[in-house]
Amino acid sequence: MTDPRARQPLIVPSVLPADFARIGEEVQALCEAGVDRIQWDVMDGVFVPNLTFGPDLIAAARPHSTVGFEAHLMVVNPDELLGRYIDAGCELVIVHAEACTHLHRTLARIRELGARSGVALNPHTPAEVVEHVLTEADMVLAMTVNPGFGGQAYIPSVEPKIARLRRMIHDSGLPVELEVDGGITDTTIHGAAAAGADVFISGSWMYAHPHGKAAAVTQLRTVATASAREGEAT
Ligand code: DX5
């Protein structure tokens with residue numbers, strides 16, 4: 001398995017809990033807290049029963065950030081929106097396998113447009129769905145909640161899938177990140193990291209941390225690093 005030191009955990013906030021009336025300041029605060037990237041949960045009200053960010057809002061926030069943006073497209077028509085979110089300043093665009101008839105082509109298109117590509121799997125979707133597209137993906141996202149809302153409970157039964165994805169990525173020899181999203185706290189991150197995840201999305205837990213976002217980032221990174229080492233040892 002990959003040396004844990006080679007996979008330093010990345011801590012990436014979801015801005016769903018942010019004060020949207022002050023989004024520029026919120027983005028600056030996340031950067032000052034030491035996050036590695038920022039995730040925009042893009043929802044269309046059809047693929048998931050919620051509606052969130054258009055590209056114009058993300059473009060307005062972009063100058064306030066010193067870290068990269070990733071767009072998690074929870075939409076039924078990602079192919080039609082790729083260019084809009086890349087032009088808005090998202091360096092990484094994540095599509096759902098469940099929304100892509102031609103997933104291989106969609107991931108290749110994201111790269112052609114100059115961004116890094118990611119593919120997300122809902123909790124019910126097996127790891128094998130990405131087996132033949134790892135060459136086109138810079139990241140695989142294993143959802144640890146059913147997408148649509150922040151503040152949901154982590155689904156631990158996804159952990160065997162995380163481990164399977166880690167083995168697939170290791171066997172491929174490709175530098176694919178393995179991200180988890182949903183219900184990530186200082187407690188649940190242990191199982192996800194031990195199973196092989198190396199990028200962690202946190203929204204409600206990070207925003208609610210009693211000692212602030214910087215303390216939350218440090219705590220998540222510390223637990224994830226130790227847990228990854230434990231997972232490597234087993
Ligand atoms: C679900 C969203 C959430 C969010 C993280 O569609 O993708 O998972 O990013 O929210 P928390 O950390 O509050 O579960």
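Residues numbered from 1 in each chain as written. Predicted model: local features only at pLDDT ≥ 70, side-chain atom pairs only at ≥ 80, totals over all residues. Heavy atoms only, no water.

## Overview of the state of the cysteines
Simply put, disulfide is the name for a covalent bond between the sulfur atoms of two cysteines.
(1) Moving on: Counted according to the given criterion, the structure contains 0 disulfides.
(2) Moving on: Counting only cysteine sulfurs, C90 is the nearest neighbor of C31, a cysteine outside any disulfide, at a range of 13 Å.
(3) Moving on: With relative accessibility at 14%, the residue C31 sits in the buried group.
(4) Moving on: There is no disulfide at C100, and the cysteine sulfur nearest it, in C90, is 16 Å away. (Disulfide = S-S within 2.5 Å. Buried < 20%, exposed > 50% of the residue type's maximum accessible area, 1.4 Å probe, protein only.)

## Focus on the side chain of E70
(1) Moving on: Note that E70 resides in strand β3 (residues 68-74).
(2) Moving on: Classification of E70 by relative accessible area gives buried; the value is 0%. (Helix = DSSP H or I, 4+ residues; strand = E, 2+ residues; numbered from the N terminus.)

## Let's talk about the confidence of the model for the protein
(1) Moving on: Scored by pLDDT, the protein has a mean of 96; 97% of the residues are at 70 or more.
(2) Moving on: Contacts for the low-pLDDT stretch residues 1-5, under 50 throughout, to residues beyond four places or in other chains number 9 contacts. (pLDDT = per-residue confidence, 0-100. Contact = heavy atoms within 4.5 Å.)

## Overview of helix α8 (residues 213-233)
(1) Moving on: Here α8 spans 30 Å end to end across 21 residues, near enough to the 30 Å set by a 1.5 Å rise per residue.
(2) Moving on: Among the residues making up α8, those that are buried are A216, V217, L220, A224, T225, S227, A228 and G231.
(3) Moving on: Where α8 is buried, its residues meet β1 (10-13), α6 (188-195), β8 (199-202) and α7 (204-208). (Expected span 1.5 Å × (residues − 1).)

## Description of the sheet that holds strand β6 (residues 139-143)
(1) Moving on: Ordered in space as β1-β8-β7-β6-β5-β4-β3-β2, the 8 strands form an open sheet in which the pairing is parallel. Each of the sheet's edge strands pairs with one partner strand only, and the pair in question is β1 and β2 (37-43). Pairwise comparison of adjacent strand axes, ignoring direction, gives a mean angle of 25° for this sheet.
(2) Moving on: As judged from the 5 bridges shared by β3 and strand β4 (residues 90-96), these two strands associate in the parallel manner. Across the sheet, L73 pairs through a bridge with V95, a residue of β4.
(3) Moving on: Where helix α1 (residues 23-32) meets the sheet, it contacts β1, β2 and β3, and its direction lies at approximately 140° from that of β2. (Pairing = 2+ DSSP bridges. Axes fitted to C-alpha atoms, helices over the stretch in contact; angles between N-to-C directions.)

## As for the pairing of strand β5 (residues 116-121)
(1) Moving on: Of all 6 residues in β5, 5 are buried; the element is thus mostly enclosed.
(2) Moving on: Pairing of β4 with β5, which is carried by 5 bridges, proceeds in the parallel orientation. By the bridge assignment, V95 is partnered in β5 with V119.
(3) Moving on: As for the winding sense of the linkage, the β-α-β connection from β4 through helix α4 (residues 103-112) to β5 is right-handed.
(4) Moving on: Where β5 meets β6, 4 bridges bridge the pair, whose relative direction is parallel. Bridging across to β6, A120 finds its partner in L141. (Right-handed = clockwise from strand over helix to strand, strands pointing away.)

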